[in-house]
Amino acid sequence: MKVARVGVLGAGTMGRGIAQVAALGGFETRLFDAFPEAAESAAVKIREALAKGAARGRWSEAEADAASNRIGPALAIGELAGCELLIEAAPEDVELKQGLFVEAATACGPEAVLASNTSSLRVSDIAAAVPGPERVVGMHFFNPPVLMKLVEVVAAEHSSDE
């Protein structure tokens, strides 16, 4: 499976950081939040952080500009259609995470990989309510994602090897 488009569910601190990392990595990135104004605000903050990082020499201005052009808000979960990878960074509530994944799975279809950034919940519990639980994994980023070049990938009970 080739990933070209990443959706991030949750526009808080971790969601913004994950979206920034994805955009810097060359992926078309859409940021969704239950509050559309939060997704719009997060996209602006990410662009500001990219410019600040370029000014500090963390990446070039060209890289910052390219990443800025790859970032955008998704004002409805349906706007995540076409994302091959969805990374959830919502508050640590299993029912909230399950609900987001069920909606995202519907929007993105059966091939999309659904990854949770959970740090305290069992990934298998999150996957239990999702159609196609074999495509659910944990993808735990460390804070701040842009500076911590480390991500832990965790297979759930029913995650496929793919």
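Treat the numbers as computed from the prediction; the structure is a model and nothing was measured.

Our focus in this paragraph is helix 3 (residues 61–70). Buried within helix 3 are the following residues: Ala-64, Ala-67 and Ser-68. Viewed along the axis of helix 3, the buried residues span an arc of 105°, placing them on a single side of the element. When the buried face of helix 3 is taken as reference, the exposed residues oriented beyond 90 degrees from it are Ala-62 and Asn-69.

This next bit is on the pairing of strand 6 (residues 136–141). Burial runs high along strand 6: six of the six residues are buried. In strand 6, alternate side chains face the same way, and those of Val-136, Gly-138 and His-140 on one face and Val-137, Met-139 and Phe-141 on the other are all buried. Pairing geometry for strand 6 and strand 7 (residues 151–155), over five bridges, is antiparallel. What sits directly across from His-140, in strand 7, is Glu-152.

Turning next to helix 2 (residues 36–55). Taking 1.5 Å of rise per residue, the 20 residues of helix 2 would be expected to cover 28 Å, and the 29 Å separating its terminal C-alpha atoms lies within 8% of that figure. By the burial criterion, the buried members of helix 2 are Ala-39, Ala-42, Ala-43, Ile-46, Leu-50, Gly-53 and Ala-54. The arc enclosing the buried residues of helix 2, seen along the axis, measures out at 110°, which places them on a common side. Those residues of helix 2 that are exposed and angled more than 90 degrees off the buried face are Glu-37, Glu-48 and Ala-55. Against the buried residues of helix 2 lie helix 1 (13–24), strand 2 (28–32), helix 3 and strand 3 (71–74).

Time to look at the confidence of the model for the protein. Per-residue confidence for the protein gives a mean pLDDT of 95, with 100% of residues at or over 70. Least confident of the elements in the protein is strand 7, whose mean pLDDT is 91; most confident is helix 3, at 98.

Turning our attention to the sheet that holds strand 4 (residues 85–88). Sheet strands pair by backbone hydrogen bonding; their relative direction is either parallel or antiparallel. Taken in spatial order, the seven strands line up as 3-2-1-4-5-6-7 in an open sheet, and their pairing is mixed. The sheet terminates laterally at strand 3 and strand 7, the two strands that pair on one side only. Taking each pair of neighbouring strands and ignoring which way they run, the sheet shows an average axis angle of 25°. In the sheet, strand 2 pairs with strand 3 via four bridges, with the strands oriented parallel. Bridge pairing in strand 3 places Leu-31 opposite Pro-73. Here helix 3 sits on the sheet and contacts strand 2 and strand 3; the angle it forms with strand 3, its principal contact strand, is near 20°.

Next up on the list: the pattern of salt bridges. Across all of its chains, the model carries four salt bridges by this definition. One salt bridge connects Lys-97 with Glu-88, and the closest N-O pair in it is separated by 2.3 Å. Neither residue differs from the other here; Lys-97 and Glu-88 are each classed as buried. With a shortest N-O distance of 2.9 Å, Arg-122 and Asp-125 are connected by a salt bridge. You can call Asp-125 partly exposed: its relative accessible area is 35%. Salt bridges sharing common partners tie together Glu-88, Glu-92 and Lys-97.

Within the largest apolar cluster, 25 residues are counted, with the highest numbers of intra-cluster contacts made by Leu-31 and Ile-87. Elements with a contribution of two residues or more to this core: strand 1 (5–9), helix 1, helix 2, helix 3, strand 4 and strand 6. Contact partners of Ile-87, with chain neighbours within four places excluded, come to Val-6, Gly-7, Val-8, Leu-9, Ile-18, Ala-115, Met-139 and Phe-141. Grouped together as the second largest cluster of nonpolar side chains are 21 residues, Ile-77, Leu-86, Val-130 and Ala-156 included.

Turning to the packing of helix 1 against helix 2, a few remarks are in order. At their nearest, the axes of helix 1 and helix 2 sit 10 Å apart, and the two run at 55° to each other. It follows from the interaxial angle that helix 1 and helix 2 lie oblique. Pair helix 1 / helix 2 crosses with right-handed handedness. Contact residues: helix 1 offers Arg-16, Ala-19, Gln-20 and Leu-24, while helix 2 offers Ala-42, Lys-45, Ile-46, Ala-49 and Leu-50. For the contact of helix 1 with helix 2, the class distribution of residues is six nonpolar, one polar and two charged.

Conventions adopted
- Residues numbered from 1 in each chain as written.
- Predicted model: local features only at pLDDT ≥ 70, side-chain atom pairs only at ≥ 80, totals over all residues.
- Heavy atoms only, no water.
- Buried < 20%, exposed > 50% of the residue type's maximum accessible area, 1.4 Å probe, protein only.
- Helix = DSSP H or I, 4+ residues; strand = E, 2+ residues; numbered from the N terminus.
- Arc of directions from axis to C-beta.
- Pairing = 2+ DSSP bridges.
- Expected span 1.5 Å × (residues − 1).
- Contact = heavy atoms within 4.5 Å.
- pLDDT = per-residue confidence, 0-100.
- Axes fitted to C-alpha atoms, helices over the stretch in contact; angles between N-to-C directions.
- Salt bridge = Lys/Arg side-chain N within 4 Å of Asp/Glu carboxyl O.
- Core = buried A, V, L, I, M, F, W, Y, C linked by side-chain atoms within 4.5 Å.
- Parallel < 35°, antiparallel > 145°, perpendicular 65-115°, else oblique.
- Left-handed = near helix turned anticlockwise from the far one by under 90°.
- Nonpolar A, V, L, I, M, F, W, Y, C, P; charged D, E, K, R; others polar.

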